[in-house]
Amino acid sequence: MSLLSLIRKPLIAAILGAVTIAAPAGALYLAGATRAVATAASSAAIPGAASTAAAAASPVTPAPAAASPATMLPDFSSMVQKYGPAVVNISVVAKVSTSWSSQGDDNSDDNNANPNDSPNGNPFGPNSPFAPFFRGLPFQMPQPQPMRGEGSGFIVRPDGVIMTNAHVVDGASEVTVRLTDRREYIAKVVGVDQKSDIAVIRIPAKDLPTVKIGDSRGLKVGEWVLAIGAPFGFENSATAGIVSAKGRTLESGYVPFIQTDVPINPGNSGGPLFNMRGEVVGINSQIYSRSGGYMGVSFSIPIDVAMQVGQQLQTSGHVTRGKLGVLIQPVTQGLADSFGLPQPEGALVSSVEKGGPAEQAGIQSGDVILKLNGTPLKDSGELPVQIAAITPGTNANLEIWRNHATREITVKLGALADKRVATNAGPHQEGGKLGLAVRPLTAEEQRGANTKGGLVVERASGPAAEAGIQPGDVVLAANGAPVSNAEELRSAVEKSKGHIALLIQRGDSRLFVPVRVG
């Protein structure tokens, strides 16, 4: 039978057709499999090739690896391992005396007599109604009870010098430092500065691990930072966050705090704040809390301030600060309009200390200090910090705003004692148009207020009351010009555009209050 006749048979033709179709398909499949094996081998040899091949085969293009949030999170493990041993736990003990008050015991000739020595042993005194119940009974006075506390610190020198917060060790009768290797030492308090909340202590040890001191001035808002300390006594705990803000001035007025969202709790006080290079840039000091625990806002002392204070404590045992001798307040938009300032900035002088450095240099109430030694003051809180950092006796160059013009004044700074360098007078309210009922001060009232001229406020309603002015306040000046009668005040109001700044005396305090006049 010939080949042609076989092909013409239906069964044979069907078989040949199936073979004809299957052979090319099988070849294509084998080729694809071979190519896949080769691609996998190439991917193993060349990093990233597999993802490239997958991307080419997929209709959805994946985001670049650099854009993934997971790849941007920092790893602090090596930093904790390296510098954690230089962070110490501090335990303090302070004895607090308790005593019973003696009521009605006026017959005792010895003011220091111990009630335990009394025959009746009555802690309330022999004339109290409870005396019969204590006759013949010995009574022991309560003994001083020890109070314990904990904090953190970090070693700055291998011979045992440690920095911490003043509130951690101030008033302690015993300070114990515990290292990460469980060694414990009784520490000596070298010096304490409550104004900056810095303390230096020392332990009798050598060749200790130390931290690396950085520069807090280079910190940027949004930068990652790490805290190591002992929250609630859990030693060498690491927490991390970012810098939320810089230059925050709190109650002390002398420290431009670093604000972070690093979780800080009781026991973290005095511990170090690290930047991503492993350098200490701050000392964890305070939290803002309504519950007593961490609520998302914490504050650290810049290491530049801390090291300056610490050096003085080690050298002389105390800290000296420059003194200007003024009371200041922030410059709001209303006050800036009143004094003709282009924008609200600087520190407004509300009063000048008699005989102080500022008065001797010619600074007056109503001046706005714009620059200190050529550095602009964007906020009034910057002035106390910068003045305090200057050595007493040094000349400071001030640029001030007075009578719609700038002028230069040189002040020889004094030494700060217990009073503030430049105290913020606090917030004030703004109101609308001026509305006051005033009268001149009598001679006796002027002597009592220690002032010349001025108008006492009899009634404050409407805008003046909304601005915070109260009956009994004394209006001393309007837009920097003294006023002694209602006509002078009215004239100043007519000349003002937008706001008028009234210098108000309330008790012993003076404050500029801006009132909107139209």
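Quick summary incoming for the structure in this document. (Residues numbered from 1 in each chain as written. Predicted model: local features only at pLDDT ≥ 70, side-chain atom pairs only at ≥ 80, totals over all residues. Heavy atoms only, no water.)

Description of the overall build of the chain
Logical step 1: Along the backbone of the chain there are 13 helices and 29 strands.
Logical step 2: Burial statistics for the chain: of 518 residues in total, 40% are counted as buried.
Logical step 3: Once local pairs closer than 6 in sequence are excluded, the contacts in the chain between residues at least 24 apart make up 61%.
Logical step 4: Accessible area of the chain: about 27800 Å², with a carbon and sulfur share of 55%. (Helix = DSSP H or I, 4+ residues; strand = E, 2+ residues; numbered from the N terminus. Buried < 20%, exposed > 50% of the residue type's maximum accessible area, 1.4 Å probe, protein only. Contact = heavy atoms within 4.5 Å. Areas by Shrake-Rupley, 256 points an atom, 1.4 Å probe, with all protein chains shown as cover.)

As for the side chain of Gln329
Logical step 1: Positionally, Gln329 belongs in strand S16 (residues 326-330).
Logical step 2: The exposure class of Gln329 is buried, given its relative accessible area of 0%.
Logical step 3: A distance of 2.8 Å separates a polar side-chain atom of Gln329 from the backbone nitrogen of Phe512. (Polar contact = N/O pair within 3.5 Å; in protein donor to acceptor, adjacent residues only side chain to side chain.)

Here we look at the environment of Val262
Logical step 1: Relative to the elements of secondary structure, Val262 occurs in the loop between strand S11 (256-260) and strand S12 (272-274).
Logical step 2: The buried category is assigned to Val262, whose relative accessible area is 0%.
Logical step 3: Between the C-alpha atom of Val262 and that of Leu226, which follows or precedes it by 36 residues, the distance is 7.3 Å.
Logical step 4: Beyond its immediate sequence surroundings of up to four residues, Val262 is in contact with Val225, Ala227, Thr239, Ala240, Gly241, Leu273, Tyr294 and Ser298.

Thoughts on helix H7 (residues 303-316)
Logical step 1: Between the first and last C-alpha of H7 there are 20 Å, a value that for 14 residues agrees with the 20 Å anticipated at 1.5 Å per step.
Logical step 2: Those residues of H7 that fall on the buried side of the exposure criterion are Ile303, Val305, Ala306, Val309, Gly310 and Leu313. Along H7, the residues classed as buried sweep out an arc of 150 degrees about the axis, all on the same side. Among the exposed residues of H7, those oriented more than 90 degrees off its buried face are Gln311 and Thr315.
Logical step 3: Taken from the residues just after H7, Gly317 is the one with a positive phi, measuring 85 degrees. (Expected span 1.5 Å × (residues − 1). Arc of directions from axis to C-beta.)

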